[in-house]
Amino acid sequence: MTGDRLRADGLTLGYDDRVVARDLSLTIPDGSFTVIVGPNACGKSTLLKALARMVKPRAGTVHLDGAPIGSYSTREIARRLGLLPQSSIAPPGITVGDLVARGRYPHRRLLRQWSTADERAVVEAMRGTGVDALAARPVDELSGGQRQRVWLAMVLAQQTSVLLLDEPTTFLDIAHQVEVLDLCADLHEQGNTLVLVLHDLNQACRYATHLVVMSAGAVVAQGDPAEIVTPDLLADVFGLPCRVIEDPETNTPLVVPLARTAVPT
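It is worth spelling out the packing of helix α5 (residues 144-157) against helix α6 (residues 174-189) at this point. At a minimum axis separation of 9 Å, α5 and α6 run at an interaxial angle of 20 degrees. Compared by their axis directions, α5 and α6 come out roughly parallel. The hand of the α5/α6 crossing is right-handed. Side by side, α5 and α6 meet where G145, Q148, R149, L152 and L156 of the first sit next to H176, E179, V180, L183 and L187 of the second. In terms of residue class, the contact of α5 with α6 is made up of five nonpolar, three polar and two charged.

A few words on the pattern of salt bridges. Note on pairing: side chains with opposite charge can pair once their charged atoms come close. Using the criterion set out here, one finds nine salt bridges in the structure. The shortest N-O distance in the salt bridge between R7 and D9 comes to 2.9 Å. Look at R7 and you get partly exposed, because its relative accessible area is 28%. Among the residues examined, D9 registers a relative accessible area of 29% and is labelled partly exposed. Shared partners join several salt bridges into a network, and the residues in it are R5, D65, E76, R79 and R80.

Bringing the sheet that holds strand β10 (residues 218-223) into the picture now. With respect to topology, six strands assemble into an open sheet ordered β6-β7-β8-β3-β9-β10, the strand pairing being mixed. With partners counted over all chains shown, the strands left at the sheet margins are β6 (81-84) and β10, one partner each. Across the sheet, the mean angle separating the axes of adjacent strands is 15 degrees when strand polarity is ignored. Pairing analysis gives five bridges linking strand β9 (residues 210-215) to β10, with the strands arranged antiparallel. Opposite M214, over in β10, you have V219 as the bridge partner. α5 rests against β6 and β7 (162-166) of the sheet, and its axis sits at about 160 degrees to β6.

Of all eight residues that make up helix α1 (residues 44-51), seven are buried, and the element is covered over most of its length. Those residues of α1 that fall on the buried side of the exposure criterion are K44, S45, T46, L47, L48, A50 and L51. Directly after α1, the chain includes R53, whose backbone phi takes a positive value near 65 degrees.

Glancing now at helix α4 (residues 116-128). Between its first and last C-alpha atoms α4 spans 18 Å; for 13 residues at 1.5 Å apiece the expected length is 18 Å, and the two agree. All of the buried residues along α4 are D118, A121, V122, A125 and M126. End-on view of α4: buried residues confined to an arc of 125 degrees, all on one side of the axis. Exposed and facing more than 90 degrees away from the buried side of α4 are T116 and R127. Looking at the buried side of α4, the elements it contacts are α3 (96-101) and α5. If you check the start of α4, you find a side-chain oxygen 3.3 Å away from the backbone N of A117, and it comes from S115. Looking one or two residues past α4, G130 carries a phi angle of roughly 75 degrees, positive in sign.

This part is about the packing of aromatic side chains. What characterises a pair of aromatic rings is the spacing of the ring centres plus the angle enclosed by the ring planes. Evaluation of the coordinates by the stated rule reveals one aromatic pair. Note on F33 and Y207: the rings are 6.4 Å apart at their centroids and 35 degrees apart in plane angle, and the pair reads as tilted. Placement of F33 in strand β3 (residues 33-37) and of Y207 in helix α7 (residues 201-207) is noted, with a sequence separation of 174 residues between them.

Rules behind the numbers
Every residue gets a number counted from 1 within its own chain, in the order that chain's sequence is written. Per-residue local features are limited, in this predicted model, to residues with pLDDT of at least 70; the limit for side-chain atom pairs, both in listing and counting, is 80 or more; totals at the level of whole chains, interfaces and linings are taken over all residues. Based on all heavy atoms of the structure, the side-chain values leave hydrogens and waters out of the count. Angles run from 0 to 180 degrees between N-to-C directions of axes, and those axes are lines fitted to C-alpha atoms, restricted for helices to the stretch in contact. Runs of E in the DSSP output that reach at least two residues are strands. Runs of H or I that reach at least four are helices, and both are numbered from the N terminus. For classification, angles of less than 35 degrees are called roughly parallel, those exceeding 145 degrees roughly antiparallel, those between 65 and 115 degrees roughly perpendicular, and all remaining angles oblique. Note on convention: the crossing is left-handed when the near helix lies turned anticlockwise from the far helix by less than a right angle, right-handed when the turn is clockwise. Residue contacts are counted whenever heavy atoms from the two residues lie within 4.5 Å of one another. Under the grouping applied here, Gly and all other residues not named as nonpolar or charged are polar, the nonpolar ones being Ala, Val, Leu, Ile, Met, Phe, Trp, Tyr, Cys and Pro and the charged ones Asp, Glu, Lys and Arg. Here, a salt bridge means any Lys or Arg side-chain nitrogen found within 4 Å of an Asp or Glu carboxyl oxygen. The rule is simple: take the accessible area with a 1.4 Å probe, protein chains only, and divide by the maximum for that residue type; under 20% is buried, over 50% is exposed, in between is partly exposed. Two strands qualify as a pair provided DSSP detects at least 2 bridges between them. Expected span, for any helix, means 1.5 Å times one less than how many residues it has. Think of it as the arc spanned by the lines of direction from the helix axis to the C-beta atoms. What qualifies as a polar contact is a pair of N or O atoms within 3.5 Å, subject to a donor-acceptor requirement within protein and to the restriction that residues adjacent in sequence count only when both atoms come from side chains. Stacked, edge-to-face and tilted are the three classes for Phe, Tyr and Trp ring pairs, Trp counted by its six-membered ring, which pair at centre distances within 6.5 Å; planes under 30 degrees apart are stacked, over 60 edge-to-face, the rest tilted.

What follows is the structure, encoded as structure tokens:
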């Protein structure tokens, strides 16, 4: 399908008595590496969950492939987009191969046998994420970076071209953060549309082709990071006095917080 496959129109989102976002609209450009950033509790993860129908809007509609997302069955949504939530927990003792194979669930039918297409999808997903040599290992024995690659492999095994990842680098050291984001960049270059929630502004600027900046439940800026990331924007959204310079490696915006001013004595 051509056009904008995923968009939100006039969403009001919340939990119990707390409203997180009101009248929020957003279109995810097809084929983009979209990254959503903003201060803590501004609604980033809630928006991502709404895009995946994990949170039901109090008002407004999410559209997927031209239809309200509520019109699809859960299985059909899983055939159209993949979601990696925060802090995924694997069943105790499950192996890498078995966990990745669970990504084929949306494509299974009652009494349908495991097919060569299922096997191919799992093998390709593990190979593409570099975890094929770990297939027989229990997931709970892996390092944080390895586990995150396994979860990505499971999402890839769904064979959807839209991937939503909620803070996929949380709790990883810097080397594993870059490893996971490089893998995401590879997936984007292969034609997938990615939507990530990230906290690190410099990582967001380096990897995003489309940056969405949120504050207090609203989208306050979006577009090419090189065009929208300015000291004034970051001061307004994050309260961060900073300079924005050019990253010497990628020529993307690099946010440098101003040095602490010495306290007069």
